[in-house]
Amino acid sequence: MVSKSPAEAFALRHRPARERLVDLGFQRLSMLLASLVFLILVGILLTVLGGSREAMVKFGLDFLTTSNWDPVSERYGAFTAIYGTLVTSLLALIIAVPLGVGTAVFITENLIPASVRAVLGMMVELLAAIPSVVLGLWAIFVMEPFIRPVLDGLHSALGWLPFFSTTAQGPGMAPAILILVVMILPIITAIARDSLNQVPPELRQAAYGIGATRWGAILQVILPAAISGITGGVMLALGRAMGETMAVTMIIGNSTNFSWSLLAPGNTISAMLASQFGEADGIQVSALMYAAFVLMMLTLVVNMMAQWVVRRLSLQYS
Amino acid sequence: MTTSFTDSTSVPEAHSGFQRSSLRFNPSLARNRWSLLFTGLAAAFAAICVLPLVLVLVYVLIKGGSLISLRLLTELPPAPGLDGGGIGNAIIGTFVVSLIAALIAIPVGVGGGIYLAEYSAGGWFSQFVRFGTDVLSGVPSIICGVFIYGLIVSTRFFFDQSYSAMAGGIALSVLMLPTVIKTTDEALKLVPNELRWGALGVGASKFVTIVRITLPSAFSPIATGVVLAIARAAGETAPLIFTALFSPFWPEGLFNPIASMSVLIYNFAIMPYEAQISLAWAASFVLVVMILAANLFARWLSRFTSS
């Protein structure tokens, strides 16, 4: 030992078997834990598919296009809920996108002092933290009675349209859409704000340099440069709106009768699951699982498109 | 030329054909009117965006806050139609279920995040796991409930019990998992490589490097993400309605149905009794205060993140 130089002693140090075992074991363990994500995803898919097999065989694709939901005669069709899911989430998106992007512009531009902007940004983040069941409670007792006169006005003015053909009688699709707007606004605002912040300042400077006004630069240079991130955020918000359950269940009325009217009680897939799954048995459980599978596919497609959009549309600045 | 300069002093007089009036800000110009309009619009949108938060907070604080008393926090909910009572069992239940969720999701999520950041060299497997994490975070929370119902509740997995606190906690942990993995992964990536090289250079094994050097230096961002994930899980209702169910009694162990504040709000809000509805407001108050406190705590934690 004495004859060896320190460098040699270092190079010849053998790692004890225990140390190597711990190292390898830890690596394998963390790999196992990481692969749990996949096991869970596969498990979700298998559970929902397995549970819905009976209904899939019995109702086939008619399940998607018929709207009778009758536990007595055991005939089920989810069109009411699918229509409700698509209409509430798309309309909520149409309202929330201009609001969210406008807010994001307002808190990334230097129109107001930075401290006020920081407070506004924090408030939008806190809005995302409020549980959806609390928003649902608020929607039932505060928002819905407050907006009912407005909805009645819509009915008397535009009642000839099928979308406003019924009177507003409490819970319905319209209040559900509004509460969905509240729920997805923070997502759109947060992601739009991040995308706007990532636009290189040189673009803005160049726009100002050739004589653009502030809003000329925002609308024609900065927003187009941030469009990929904003679109991705909007798609994520759409996925969230489709899967959003509690607030919608509490305010949409959970009606199984189909109506085109936005003022009538309606249903969404997630609301139907929340209100019926606990008490269902037999083929109804299977029909609900089938509906859950449809919802899963819808959100999966939307979320994957969101990721694809962000990857494909993003402008590269180096 | 209609170029507008706001600073007119630096322009030399010598340019003869130059109109000095174009150097002054003229509010009646179309472009300035448009700018004013758009600024007003953006301000109005921001106000609309913040309005619901203010309104919800005001109503929850007034309607729920006025009901808070020691009795309310420590008693059981009344039978339908009776007055009085409290939400004591639901408060305990929310803590129990969130604790189960955290105890499952934190080790699994941190472990998975360690694999992604420390071991995988960007190969196909880690790409797969990252993709899976993104997909899992987009799965609607009600589907997590359906999954745990099919996996644990309907199969009577735990001691022949169907609905249980354990099933609810597991459902919430599925929801928390993607957040914990992502924050761990990103927090570990922020740790400078020099720290790892230094540790390996003085003869530490990979395991010791991760546990003694890398993880501690990424503690604050990981803790921030975990606190936010727990706060979110505590307010979730959809995965609990048919896993943990509800119970009007005190918790009876981990393998029986358990009450939680979020399910209490959902169940009581649609009851036709005044006493139940006011309990729902009180539970909202407690839940919102807890979640806002957790968010502020997370903000405070994130101040220790070195950038």
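What you see is a predicted model; the values in this text were computed from it and never measured.

Caption draft 1: A look at the confidence of the model for chain A. Here chain A averages 84 in pLDDT, while 94% of its residues score no lower than 70. When pLDDT is averaged over each helix and strand of chain A, the minimum, 61, is found for helix H1 (residues 6–11) of chain A and the maximum, 91, for helix H4 (residues 79–108) of chain A.

Caption draft 2: Highlighting the nonpolar core. Counting residues in hydrophobic clusters, the biggest one holds 196 residues, and the most contacted among them are A:Ile44, A:Phe63, A:Val134, A:Phe277, B:Ile87 and B:Ile143. Ranked by residues supplied to this core, first place goes to helix H7 (residues 173–198) of chain A with 15 residues. Each residue touching A:Phe63, except ones within four places of it in the same chain, is listed here: A:Trp69, A:Tyr76, A:Gly77, A:Ala78, A:Phe79, A:Ala287, A:Tyr290 and A:Ala291.

Caption draft 3: Representation of the environment of A:Ala78 in the model. Residue and element names in this part refer to chain A. Structurally, the position occupied by Ala78 is in the loop between strand E2 (75–76) and H4. Given a relative accessible area of 3%, Ala78 falls into the buried group. For the pair formed by Ala78 and Ala192, sequence separation is 114 residues and the distance between their alpha carbons is 34 Å. Ignoring any residue separated from it by four or fewer positions in sequence, one finds Ala78 in contact with Phe63 and Thr66.

Caption draft 4: Broad picture of the packing of aromatic side chains. Considering all chains together, one arrives at 22 aromatic pairs over all chains under this definition. Here B:Phe297 and B:Trp300 contribute two aromatic rings whose centre-to-centre distance is 6.0 Å and whose plane-to-plane angle is 25 degrees, an arrangement assigned as stacked. Pair noted here: B:Phe297 and B:Trp300 are both in helix H11 (residues 274–302), with a separation of 3 residues, about one helical turn. Among the aromatic residues, those joined into a ring-pair cluster are A:Phe26, A:Phe38, B:Tyr115, B:Tyr119, B:Trp124, B:Phe125, B:Phe128 and B:Phe207.

Caption draft 5: How the structure looks around empty space enclosed by the protein. For the coordinates displayed, the defined rule picks out 4 cavities of 30 Å³ or more. Taken as a whole, the largest cavity holds about 50 Å³ of empty space. Lining the largest cavity we find A:Thr80, A:Tyr83, A:Gly84, A:Met173, A:Asn257, A:Phe258, A:Ser259, A:Ser261, A:Ala264, A:Pro265, A:Gly266 and A:Asn267. A per-element tally of the lining of the largest cavity places H4(A) first, with 3 residues. As a volume, the second largest cavity reaches approximately 40 Å³. Around the second largest cavity, the lining residues are B:Leu175, B:Met176, B:Thr179, B:Ala229, B:Arg232, B:Ala233 and B:Glu236. Listed by contribution, the elements that provide at least two residues to the lining of the second largest cavity are helix H6 (165–190) and helix H9 (219–235) of chain B. Of the residues contributing to the lining of the second largest cavity, the split by class is 4 nonpolar, 1 polar and 2 charged.

Caption draft 6: Geometry of the side chain of B:Ser35. Mapped onto the elements of the fold, B:Ser35 is located in helix H1 (residues 30–65). Beyond its immediate stretch of four places on either side in the chain, B:Ser35 contacts A:Thr213 and A:Trp215.

Caption draft 7: Examining the interface of chain A and chain B more closely. Counting residues at the interface gives 72 residues for chain A, matched by 77 residues for chain B. With both sides pooled, the region where chain A packs onto chain B buries about 6600 Å², and carbon together with sulfur makes up 82% of that total. In terms of surface lost to chain B, no three residues of chain A exceed A:Phe26, A:Trp138 and A:Trp215, which account for 9% of the buried area on that side. Linking chain A with chain B are 1 salt bridge. Of the charged contacts in the structure, one is a salt bridge between B:Arg299 and A:Glu125, with a shortest N-O distance of 2.7 Å. On the surface where chain A and chain B come into contact, there are 7 residue pairs in polar contact (both at pLDDT 80 or more). Top element by residues in the side of chain A that touches chain B is helix H2 (residues 17–59) of chain A. It accounts for 19 residues. Each residue belonging to the side of chain A that touches chain B can be placed in one class, and the counts come to 49 nonpolar, 18 polar and 5 charged.

Calculation rules
By convention here, each chain's residues receive numbers from 1 onward along its written sequence. Chains and ligands are labelled by the order in which they are written, letters from A for the one and numbers from 1 for the other. It should be noted that, the model being predicted, local features are given only for residues of pLDDT at least 70 and side-chain atom pairs only at 80 or more, the latter also being counted only at that level, while totals for whole chains, interfaces and linings use all residues. Hydrogen atoms and water are omitted, and side-chain values are computed over all heavy atoms in the structure. The quantity known as pLDDT measures the predictor's confidence residue by residue, on a range of 0 to 100. Numbering goes from the N terminus for both helices and strands, where a helix is a DSSP run of H or I of at least four residues and a strand is a run of E of at least two. Think of a nonpolar core as a cluster: buried Ala, Val, Leu, Ile, Met, Phe, Trp, Tyr and Cys residues, connected wherever their side-chain atoms sit within 4.5 Å. For the exposure calls, accessible area comes from a 1.4 Å probe over protein chains only, and a residue counts as buried if that area is under 20% of its type's maximum, exposed if over 50%, partly exposed in between. Contacts are assigned to residue pairs that have any heavy atoms within 4.5 Å of one another. Stacked, tilted and edge-to-face pairs are distinguished by plane angle, under 30 degrees for stacked and over 60 for edge-to-face with tilted covering the rest, among Phe, Tyr and Trp rings (Trp via its six-membered ring) whose centres lie within 6.5 Å. Here a cavity means grid points, on a 1 Å grid over the protein atoms only, where a 1.4 Å probe fits yet cannot get out; a pocket means an open set of points with protein on both sides within 12 Å along at least five of seven lines; lining residues are those with an atom within 4 Å of a point. Grid points are joined across faces, edges and corners, and a volume is the space filled by probe spheres set on the points. We call Asp, Glu, Lys and Arg charged. Ala, Val, Leu, Ile, Met, Phe, Trp, Tyr, Cys and Pro are nonpolar, and the rest, Gly among them, are polar. Accessible area that two parts lose when put together, evaluated with a 1.4 Å probe and summed over both, is termed the buried area. Within this document, salt bridges are pairs made up of a side-chain nitrogen of Lys or Arg and a carboxyl oxygen of Asp or Glu, the two lying within 4 Å of each other. For the purposes of these results, a polar contact is taken to be a pair of N or O atoms within 3.5 Å, where, inside protein, one atom must be able to donate a hydrogen and its partner to accept one; residues adjacent in sequence count only when each atom of the pair is a side-chain atom.

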